[in-house]
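Notes for the structure review
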Amino acid sequence: MSWLDRQSFLGTKSDARLAAATIGLVGLGGGNSHVVQQLAHLGIGGFVLLDDDIITLTNLNRLVGGTLDDVGAERSKIEIAARVIRAVNPKAQIVMRRAKWQEAGDLLKGCNIIVGGLDHVGSKDELESFCRRFMIPYIDMGMDVTALPDTWESLVSGQVVLSTPGEPCLRCLQLITDEKLKAEAQRYGAAGSRPQVVWPNGVLASTAVGLVVQLITPWTRDPLRSAYFAYDANLGTIMPSDRLSRRRGKPCPHYPAKAVGDPMFDVRRYLDQRDKPAILEEQPQRSDSWVSKIGQLWAWIRGIFSRD
């Protein structure tokens, strides 16, 4: 008997597929703390964890696995995430670094899928661009709280987007615009943080994990190549957005087919991380070259859309 027996409905060799996958998680507060826990329970075999922050008292309302002891110890979010993974699957291969993802991009190049839990529009834009360049499916999560004027009420909303090469990007779906980037730049350095709470993060994270499972296992006959799910916490609904349906069949003008990938990249240089024990790399290491894994990863993408 296996601890994964009750998810055998995910399809033939699904356990092996999950164990062979490496998922990159960028940002380990809020939504991705849910994601990392669920991926561990699913039997994902490899993780790359990137976050430059430590847990603080105000993180306890939403960071799954965080404790008061962690706050007192000023423990890093990646260490907490790794602890959550190991508590479920001690055999998981974990590579982690306490750094901004831009300083540790090489660690992400061997990932099969990257899940972003980033607050800032500019960071989302940069991470999606990275994923397009290296032919990696990218799942983005976002949550927003809007106070209603002249009332104590707030609207809580969010979205989960699957972005893959050849499909609509975050700019196509108007989640990233020059106006939003400009407004964010003007607020740079302003005091205060974005409102966050645990249950919307959980809903968005579960939706993101469902997309991961579709991409890796033969659970569904026709896995989604792109997705945009809009969440309304006030109504308790999560539905496909018509923004994506309006873009169906249209080429992405922001990442043309000839503008993604880099044929000089050899993915084998990065896959050997899976054979190493858990690594905590505190200091960022500079990379002198940017290379791409177009051939190997494109073959992997084709493989996940074909079923045994």
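Calculation notes
Residues numbered from 1 in each chain as written. Predicted model: local features only at pLDDT ≥ 70, side-chain atom pairs only at ≥ 80, totals over all residues. Heavy atoms only, no water. Helix = DSSP H or I, 4+ residues; strand = E, 2+ residues; numbered from the N terminus. Areas by Shrake-Rupley, 256 points an atom, 1.4 Å probe, with all protein chains shown as cover. Buried < 20%, exposed > 50% of the residue type's maximum accessible area, 1.4 Å probe, protein only. Pairing = 2+ DSSP bridges. Contact = heavy atoms within 4.5 Å. Expected span 1.5 Å × (residues − 1).

1. Some details on the overall build of the protein
- Of the regular secondary structure elements, the protein holds 10 helices and 9 strands.
- Accessible area of the protein: about 15500 Å², with a carbon and sulfur share of 53%.

2. Brief notes about unusual backbone geometry
- The phi torsion at E74 lies on the positive side, around 50°, for a residue other than glycine.
- With respect to the helices, strands and loops of the structure, E74 is situated in the loop between α3 (68-73) and α4 (77-88).
- The class of E74 is exposed, set by a relative accessible area of 54%.
- For D150, which is not a glycine, the phi torsion comes out positive at approximately 60°.
- Looking at the secondary structure, you find D150 in the loop between β5 (138-147) and β6 (154-163).
- Residue class for D150 comes out exposed when judged on its relative accessible area of 86%.

3. Re the pairing of β5
- Sheet topology places strand β4 (residues 113-116) next to β5; 3 bridges connect them, and they run parallel. Bridge pairing links I114 to Y138 in β5.
- Bridge count between β5 and β6: 10 bridges; the pairing is antiparallel. Directly across from M143, in β6, lies its bridge partner G158.
- Between β5 and β6, which follow one another and run antiparallel, lie 6 residues, and D150 among them has a positive phi close to 60°.

4. Regarding the side chain of Q7
- Tracing the chain through its elements places Q7 in the segment before α1 (14-20).
- For Q7, a relative accessible area of 13% gives the class buried.
- Setting aside its immediate chain neighbours within four residues, Q7 contacts S14, D15, L18, H41 and L42.

5. Here's the deal with the pairing of strand β7 (residues 227-232)
- Pairing analysis gives 6 bridges linking β6 to β7, with the strands arranged antiparallel. The residue bridging V160 from the neighbouring strand is F229, located in β7.
- Note that β7 and strand β8 (residues 237-240) share 4 bridges and pair antiparallel. If you follow D232 over to β8, its bridge partner there is T237.
- What sits between the antiparallel neighbours β7 and β8 is a turn of 4 residues, in which G236 has the positive phi angle 75°.

6. Notes on helix α5 (residues 121-133)
- Taking 1.5 Å per residue, 13 residues should reach 18 Å; α5 reaches 18 Å between its end C-alpha atoms and fits that length.
- When you tally the buried positions in α5, you get 10 out of 13 residues, the bulk of the element.
- Residues of α5 that are buried: V121, G122, S123, K124, D125, L127, E128, F130, C131 and R132.
- Where the residues of α5 are buried, they touch β1 (22-26), β4, β5, β6 and α6 (178-186).

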